[in-house]
Amino acid sequence: MLLVSSIFLLLYRNSPKVEASRSEPVPIYLDNLLNAGRQVYDNQSPPVQHDKEEVTVVELAMYIEGMSSFRTQTMDFQLDVYFQQFWRDPRLAHNETRRVLVKDKAVLHKMWKPDVYFANARIAEFHEVTQPNFLVWIQPDGSILYDTRISMVVVCTLNLEKWPLDSQRCHLRILSYAYTTEQLVIKWKEDEPITRNPNIAMSDMHIVDLYPGLCDGNYSTGTWSCVTAEFFVKREITHHVMQSYVPTTLIVVISWFSFWLDVEAVPARVSLAITTLLTLSTQANAARMALPEVSYMKAIDVWMGACMMFVFGVMIEFTIVNYAQRQGRKWHRTDAEIVMASSLESVKSGNAEKKPSRGDLGAHARHLFLRLRTNERQHLVEAAPVVQPPQNEDAEAQEEVWAEQKETNLSEVWKESDPAERLAHWNEKENDASSPLMGNGRAHVRYGAAEKMKNRKCNDSSRKKEKWSSAIKQIQKHKKIAGRNRAKKIDQTSRWIFPLTFIIFNLTYWIYYLYWKE
């Protein structure tokens with residue numbers, strides 16, 4: 001009877017293999033084989049360890065069920081995969097017509113299985129609800145499929161130089177922990193090794209493609225077989241355009257409204273510039289909070305920095321405009337001299353004269369000022385109080401007394417006289433025939449003239465002040481107009497320089513980060 005059974009088993013193993021879609025539970029004899037101990041089945045040794053010329057080949061396949069967004073702060077992403085391993089163990093060949101299904105963890109622990117692990121996984125765990133999520137199929141020829149569901153957090157060093165216009169390539173590295181390439185070789189299955197759920201959707205990224213790869217490496221302990229799964233993902237920029245780029249662009253445009261405000265609207269222009277600058281700073285801080293601290297400059301940093309420079313440039317422009325408005329007299333000195341010369345000439349003649357040519361304006365004005373200085377002292381002499389010399393028989397003594405009193409009165413008049421009045425009415429003194437100081441270089445004192453000059457000074461005081469005040473007002477008015485015109489020209493130039501520069505920056509920025517920079 002035993003001989004017949006042995007012959008039947010031998011004939012079955014040599015018969016053609018039949019693929020079955022249904023599975024059988026673990027047969028009794030296979031269970032006894034696993035429980036017989038290491039003398040019958042050594043689950044600590046690879047299937048072909050006794051054959052020095054062959055190595056155990058493990059083929060891998062992976063189906064990605066789910067994938068989370070890539071977290072820039074922690075630089076990782078989450079995977080939910082069905083991980084499949086294929087190998088052949090001739091020691092577990094059986095005579096069943098169908099594949100054997102193993103669902104018991106106790107039976108799985110008695111079998112040899114590859115010791116692969118995920119080298120760059122921060123956390124990995126099996127699913128246990130509602131039952132342990134795994135299966136083992138054993139084909140009649142000993143071919144084994146071990147399929148299990150695993151969730152893991154994979155570390156990926158992100159390159160954020162182009163963030164948020166970036167695309168990332170992240171790798172999942174799979175190695176054997178205990179067996180070198182002399183005993184175990186890991187490779188991807190040839191037919192579609194990595195597949196994914198087509199309904200996977202991430203909030204800010206989309207999967208471009210998946211690539212299998214090899215990463216065999218030499219270590220101090222030997223050469224270890226390694227494979228990689230590369231995930232090529234690209235970031236969706238719609239969210240960032242709406243949350244970062246559009247608001248900051250509008251803030252920059254709003255800051256340009258300052259160019260259309262009046263140059264004297266200082267509170268409005270300063271408030272607008274400060275408000276836009278603070279708002280932009282808040283936007284930049286919010287964008288940086290979602291990113292780790294890195295040693296290089298990111299694309300969003302370039303954008304935010306450029307926007308802040310444009311807004312800061314608006315503040316600098318306003319400072320220049322304000323300075324130009326206040327310094328109009330220094331930038332237009334010739335025009336101020338024109339007004340001064342015209343005013344003084346009108347005071348002298350009483351009639352409006354034709355405006356001189358621009359080439360002779362400076363010389364004409366300086367000539368008028370020299371005439372001012374020459375005639376000022378004559379005015380003081382005429383305005384001096386008249387004193388009557390004493391009736392002394394000695395002529396020389398009378399002249400000395402008179403000269404001393406004249407110098408004293410002139411000094412008092414020089415101190416008390418208004419410079420504005422002296423400057424405005426120098427012309428009235430050179431043609432005054434009634435001056436008490438006339439003739440042959442000697443003063444002829446007329447008694448009672450002091451009282452008359454005093455009355456005349458009082459009567460003409462208001463008229464003199466009005467004429468001089470009119471000249472000063474004309475200078476100040478022209479200075480203000482010149483400053484405003486200069487400031488308006490700066491504003492008008494800024495109205496097209498700032499937008500044009502911002503458009504050029506936008507073209508350069510988007511072309512560089514979207515097409516040129518890898």
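Only a predicted model underlies this, so the values are computations on that prediction, with no experimental measurement involved. (Residues numbered from 1 in each chain as written. Predicted model: local features only at pLDDT ≥ 70, side-chain atom pairs only at ≥ 80, totals over all residues. Heavy atoms only, no water.)

1. Some remarks on the overall build of the protein chain
Item 1. Looking only at helices and strands, the protein chain has 13 helices and 15 strands in total.
Item 2. Here the protein chain holds 518 residues, and 40% of them are scored as buried.
Item 3. Long-range contacts, defined here as pairs at least 24 residues apart, represent 79% of the contacts in the protein chain between residues at least 6 apart. (Helix = DSSP H or I, 4+ residues; strand = E, 2+ residues; numbered from the N terminus. Buried < 20%, exposed > 50% of the residue type's maximum accessible area, 1.4 Å probe, protein only. Contact = heavy atoms within 4.5 Å.)

2. Some thoughts on unusual backbone geometry
Item 1. Omega for the bond connecting Val-129 with Thr-130 falls within 30 degrees of zero, at -5°, which places this linkage in the cis form.
Item 2. The topology assignment puts Thr-130 in the loop between strand S6 (121–126) and strand S7 (134–138).
Item 3. In the segment running from Trp-163 into Pro-164, the intervening peptide bond is cis, with an omega of 5°.
Item 4. For Pro-164, the position within the fold is in the loop between strand S8 (143–155) and strand S9 (167–176).

3. Describing the packing of aromatic side chains
Item 1. Inspection of the entire model under this criterion finds 24 aromatic pairs.
Item 2. Each ring, one from Phe-259 and one from Phe-498, has its centre 5.0 Å from the other, and the planes form 55°; the classification is tilted. With Phe-259 in the loop between helix H4 (238–255) and helix H5 (266–289) and Phe-498 in helix H13 (residues 449–516), the pair connects residues that are 239 residues apart, well separated along the chain. Like Phe-498, Phe-259 is buried.
Item 3. Ring pairs connect the aromatic residues Tyr-245, Trp-256, Trp-303, Phe-310, Phe-502, Phe-505, Tyr-509, Trp-510, Tyr-512 and Tyr-513, which therefore count as one cluster.
Item 4. In this structure, Lys-103 packs its charged tip against the face of Phe-134, placed 5.4 Å from the ring centre. (Phe/Tyr/Trp six-rings, centres within 6.5 Å; stacked < 30°, edge-to-face > 60°. Lys NZ or Arg CZ within 6 Å of the ring centre and 35° of its normal.)

4. Remarks on the environment of Cys-307
Item 1. Residue placement: Cys-307 occurs in helix H6 (residues 299–326).
Item 2. What makes Cys-307 buried here is its relative accessible area of 0%.
Item 3. Along the chain, Cys-307 and Leu-280 lie 27 residues apart, while their C-alpha atoms are 7.7 Å from each other.
Item 4. With sequence-adjacent residues up to four places away left out, Cys-307 is seen in contact with Thr-248, Val-252, Leu-280 and Phe-502.

5. Some details on the packing of H4 against H6
How two helices sit against one another is set out by the angle between their axes and by the gap between those axes.
Item 1. For the pair H4 and H6, interaxial distance at closest approach is 9 Å and the crossing angle is 15°. On the basis of their axis angle, the class for H4 and H6 is roughly parallel. Handedness of the H4/H6 crossing: left-handed. Counted together, Ser-244, Tyr-245, Thr-248, Thr-249, Val-252 and Ser-255 of H4 and Ile-300, Trp-303, Met-304, Cys-307, Phe-310, Val-311 and Val-314 of H6 form the full contact between these two elements.
Item 2. Taken together, the residues of the contact of H4 with H6 sort by class into 9 nonpolar, 4 polar and no charged. (Axes fitted to C-alpha atoms, helices over the stretch in contact; angles between N-to-C directions. Parallel < 35°, antiparallel > 145°, perpendicular 65-115°, else oblique. Left-handed = near helix turned anticlockwise from the far one by under 90°. Nonpolar A, V, L, I, M, F, W, Y, C, P; charged D, E, K, R; others polar.)

6. Quick look at the nonpolar core
The tendency in soluble globular proteins is for nonpolar side chains to be buried as a group.
Item 1. The biggest cluster of nonpolar side chains holds 81 residues, and the ones touching the most others in it are Met-67, Leu-79 and Leu-172.
Item 2. Per-element tally for this core: the top contributor is H6, with 10 residues.
Item 3. Look past the residues within four positions of Leu-79 in its chain and what remains in contact with it is Ile-64, Gly-66, Met-67, Ile-150, Ser-151, Met-152, Val-154, Leu-172 and Phe-231. (Core = buried A, V, L, I, M, F, W, Y, C linked by side-chain atoms within 4.5 Å.)

7. With respect to the state of the cysteines
Item 1. Under the counting rule described, the total for this entry stands at 2 disulfides.
Item 2. Note that Cys-156 is cross-linked by a disulfide to Cys-170, the S-S spacing being 1.8 Å. Its S-S torsion of about -75° marks the bond between Cys-156 and Cys-170 as left-handed, since a negative value means left-handed. Residue Cys-156 is located in the loop between S8 and S9, and its partner Cys-170 is located in strand S9; the two are separated by 14 residues in the primary sequence. This pair shows no difference in class: Cys-156 is buried, exactly as Cys-170 is.
Item 3. What connects to what in the protein chain, once the bonded cysteines are numbered by sequence position, is 1-2, 3-4. (Disulfide = S-S within 2.5 Å.)

8. Considering H4
Item 1. Compared with an ideal rise of 1.5 Å per residue, which puts 18 residues at 26 Å, H4 spans 25 Å between its outermost C-alpha atoms and is within 8% of the ideal.
Item 2. Of all the bends in H4, the greatest reaches close to 30° and is centred on Tyr-245; the proline Pro-247 follows between one and four positions later.
Item 3. When we look at burial in H4, the residues that qualify are His-240, Ser-244, Tyr-245, Thr-248, Ile-251, Val-252 and Ser-255. (Expected span 1.5 Å × (residues − 1). Bend = angle between axes of the 7 residues up to and from the residue.)

9. Considering the packing of H5 against H6
Item 1. Contact geometry for H5 and H6: axes closest at 10 Å, N-to-C directions at 170°. With respect to each other, H5 and H6 are oriented roughly antiparallel. Helix-helix and strand crossings are classified by hand; for H5 and H6 the assignment is left-handed.
Item 2. When the residues that make up the contact of H5 with H6 are grouped by side-chain class, the tally is 16 nonpolar, 4 polar and 4 charged.

10. A word on the UniProt feature "transmembrane region" (unreviewed entry) in the protein chain
Item 1. According to UniProt, the "transmembrane region" (unreviewed entry) feature falls on residues 244–263, 270–291, 303–324 and 496–515.
Item 2. As annotated, residues 303–324 comprises 100% helix and 0% strand, and the C-alpha atoms at either end are separated by 31 Å.
Item 3. Taken end to end, residues 496–515 comprises 100% helix and 0% strand; its first and last C-alpha atoms sit 28 Å apart. (UniProt positions renumbered as here; feature names shortened; annotations may be inferred.)

11. Points about the pattern of salt bridges
Item 1. Tallied over the entire structure, the rule returns 13 salt bridges.
Item 2. For Arg-149, the salt bridge is made with Asp-80, and the minimal N-O distance between the two is 2.7 Å. Separated by 69 residues along the polypeptide, Arg-149 in strand S8 and Asp-80 in strand S3 (residues 76–88) bring together distant segments of the chain.
Item 3. Judged by relative accessible area, Asp-80 falls into the buried class, the value being 14%.
Item 4. In this structure, Arg-235 and Asp-166 form a salt bridge, with 2.6 Å as the shortest nitrogen-oxygen distance. Of this pair, Arg-235 sits in strand S15 (residues 226–235) while Asp-166 sits in the loop between S8 and S9, and the two are 69 residues apart along the sequence.
Item 5. Given a relative accessible area of 4%, Arg-235 falls into the buried group.
Item 6. A network of salt bridges, in which partner residues are shared, links Glu-59, Lys-187 and Lys-189. (Salt bridge = Lys/Arg side-chain N within 4 Å of Asp/Glu carboxyl O.)

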